Amino acid sequence: MRPYEYLLRYAPVDTTSNPESETCPSAAQELTLAKMLADDLRAAGCADAHVDEKGYVYASLPASPGCEGKPVLGLIAHMDTSADAPGHEVKPMLHEDYDGGELRLPGGPVLSPARFPFLARMKGETLITSDGTTLLGADDKAGIAEIFSAVETVAQQNRPHAKLCVCITPDEEIGRGADNFDIPGFGADFAYTVDGGDAGSIEYENFNAARAIVTVKGFSVHPGEAKDTMVNAANVAIEFHNALPEMDRPEHTEGYEGFYHLTQLYGDVNEAKLGYILRDHDAAKLECKKQAMAHIADCLNGKYGAGTVTLELADGYRNMLEKVKPHWHLIENAREAVRRTGMTPIEEPVRGGTDGAVLSWRGLPCPNLGTGGFNFHGVCECTTVERMDRAAAILLEIIALYAQ
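Procedures and definitions
Residues numbered from 1 in each chain as written. Predicted model: local features only at pLDDT ≥ 70, side-chain atom pairs only at ≥ 80, totals over all residues. Heavy atoms only, no water. Buried < 20%, exposed > 50% of the residue type's maximum accessible area, 1.4 Å probe, protein only. Helix = DSSP H or I, 4+ residues; strand = E, 2+ residues; numbered from the N terminus. Arc of directions from axis to C-beta. Contact = heavy atoms within 4.5 Å. Salt bridge = Lys/Arg side-chain N within 4 Å of Asp/Glu carboxyl O. Expected span 1.5 Å × (residues − 1). Polar contact = N/O pair within 3.5 Å; in protein donor to acceptor, adjacent residues only side chain to side chain. Axes fitted to C-alpha atoms, helices over the stretch in contact; angles between N-to-C directions. Parallel < 35°, antiparallel > 145°, perpendicular 65-115°, else oblique. Left-handed = near helix turned anticlockwise from the far one by under 90°. Nonpolar A, V, L, I, M, F, W, Y, C, P; charged D, E, K, R; others polar. Phe/Tyr/Trp six-rings, centres within 6.5 Å; stacked < 30°, edge-to-face > 60°. 1 Å grid on protein atoms, 1.4 Å probe; cavity = no way out; pocket = protein on both sides within 12 Å on 5 of 7 lines; lining within 4 Å. Points joined across faces, edges and corners; volume = space filled by probe spheres on them.

**Let's talk about helix H1 (residues 3–10)**
- Buried residues of H1: Pro-3, Tyr-4, Tyr-6, Leu-7 and Tyr-10, and no others. Here the buried residues of H1 occupy an arc of 155 degrees about the axis, which is enough to place them on one side.
- Tucked into the core, H1 has its buried residues touching helix H2 (29–44), strand E4 (93–95), strand E7 (127–129), helix H3 (138–156), strand E16 (382–384) and helix H10 (385–401).

**Some points on the pattern of salt bridges**
- Counting across every chain of the model gives 16 salt bridges.
- In this structure, the salt-bridge partner of Lys-303 is Glu-239, at a minimum N-O distance of 2.7 Å. Of this pair, Lys-303 sits in helix H6 (residues 283–304) while Glu-239 sits in helix H5 (residues 233–243), placing them 64 residues apart in sequence.
- The network of salt bridges with shared partners includes Arg-121, Glu-125, Asp-198, Arg-387 and Arg-390.

**Here's the deal with H6**
- Taking 1.5 Å per residue as the helical rise, H6 with its 22 residues ought to reach 32 Å, and the 32 Å between its terminal C-alpha atoms agrees with that figure.
- When H6 is considered as a whole, its buried residues turn out to be Leu-286, Lys-289, Lys-290, Met-293, Ile-296, Ala-297, Leu-300 and Asn-301. Buried residues of H6, seen end-on, are gathered within an arc of 135 degrees and therefore sit on one face of the element. In H6, the exposed residues that point more than 90 degrees away from the buried face are Gln-291, His-295, Asp-298, Gly-302 and Lys-303.
- A distance of 2.8 Å separates the backbone nitrogen of Ala-284 from a side-chain oxygen at the start of H6, and that oxygen is part of Asp-282.

**Description of the packing of H3 against H10**
- Remark: H3 packs on H10, axes separated minimally by 9 Å, with the N-to-C direction vectors making an angle of 50 degrees. Our classification of the angle between H3 and H10 gives oblique. As for the relative orientation of H3 and H10, their crossing is right-handed in sense. Touching Ala-142, Ala-145, Glu-146, Ile-147, Ala-150, Thr-153 and Val-154 of H3 are Met-388, Ala-391, Ala-392, Leu-395, Leu-396 and Ile-399, all from H10.
- Considered class by class, the residues forming the contact of H3 with H10 number 11 nonpolar, 1 polar and 1 charged.

**Describing the packing of aromatic side chains**
- By the definition in use, this model includes 13 aromatic pairs.
- Pairing Phe-190 with Tyr-402 gives two aromatic rings, centres 5.1 Å apart and planes at 45 degrees, and the pair type is tilted. Of this pair, Phe-190 sits in strand E9 (residues 190–194) while Tyr-402 sits in the segment after H10, and the two are 212 residues apart along the sequence.
- Accessibility expressed as a relative area gives 6% for Phe-190, which makes it buried.
- Among the residues examined, Tyr-402 registers a relative accessible area of 9% and is labelled buried.
- Between the aromatic rings of Phe-240 and Tyr-276, the centroid separation amounts to 6.2 Å while the plane-to-plane angle is 50 degrees, which identifies the pairing as tilted. One end of the pair, Phe-240, is in helix H5; the other, Tyr-276, is in strand E13 (residues 271–280), and 36 residues separate them in sequence. There is no split in this pair, since Phe-240 and Tyr-276 are both buried.

**Looking at the layout of surface pockets**
- The volume enclosed by the largest pocket comes to roughly 1800 Å³.
- In terms of lining residues, the largest pocket is bounded by 47 residues, among which Glu-172, Arg-279, Tyr-317, Gly-352 and Gly-353 are the most central.
- Residue assignment for the lining of the largest pocket shows that the elements contributing at least two residues are strand E11 (208–217), strand E12 (259–267), E13, strand E14 (309–315) and helix H9 (355–361).
- Residue contributions to the lining of the largest pocket peak at 5 residues, all from E11.
- Taken together, the residues of the lining of the largest pocket break down into 17 nonpolar, 16 polar and 14 charged.
- Taken as a whole, the second largest pocket encloses approximately 230 Å³ of empty space.
- What lines the second largest pocket is a set of 14 residues, among which Asn-208, Ala-283, Arg-318, Asn-319 and Trp-361 lie closest to the centre.
- Going through the elements one at a time, E11 and H6 are the ones with two or more residues in the lining of the second largest pocket.
- A class-by-class count of the residues in the lining of the second largest pocket yields 5 nonpolar, 4 polar and 5 charged.

Shown next, in the form of structure tokens:
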């Protein structure tokens, strides 16, 4: 099957992950797709395909004759979709020979090159969207589709290949995709995630991440008698936020520039809370951001009294670059594969994190490859038949390179 055919098969299955759940997978409907995926992998030639107790789908394709001793290559994608837009009753649509102009979806949204300049590059291709009332789910069902199409092609055409390992994870969208990943059981020496970005993109740098919770304790008295007595927790929280550099917010940064991002704010006179995520490609600069927040908290405690402001910091994922560098063949082979398909590699830092970053730090070097999708997590999400074909073609070239 071509990649888009797999995508059309999987997109209608609701796999919205649930950040409030404590189970794995976080949503029972993910298991519905997981079982379909295992069945399709067996049909594609992976006889050992199965779903484990956590909802992870594992499969492998034994090495072809003469390639048994070569390093084992892994391919990884995720089955869940974001809760940022509805994921129930997804109705994928094909728009053949897209003219590159405005396209109004039945549900109302308009895809316009004025708003989304990349659309102009899709002129003449077959655009794939939802009906505009839901997301499409190409993040990351397009990645699944491209992996499956490539594995199926290798098996059916008896192409030379080292042993291939496939894993489809649950709950990537809520930051848990790598939590229960069985690296030893997976069996790969290194891998690629296939998740997001245009076809031809190669991602091997991502943010270092931390989160912060600022809790402010106030002291309430009658406002008519508040002079030199009241400590308004809400005002102190605002003071904390305003002490951070205004231009170091996501809306003012790009490329390698890090940021402080206020994600949560609530409170009253007695207590207030601020929630932040901190990001930077440079680990030392992320530490400086954490130290800056600690300094602000200390200053406010000096001004309003000890214990007024409490700062909790926790580290998240880390930049994969350090762990990918010793295995630079992953990047060189990806570049060569992109060139072999007639494209120019696209290499940009990821302004976020990936399961591949977590897996890289756990011992499985794992850069990311693009799927050909755009506008993820929203009702204007889209990809094209042709870009999915290109992404699958890149995977086939990578498989061929590791069989040499």
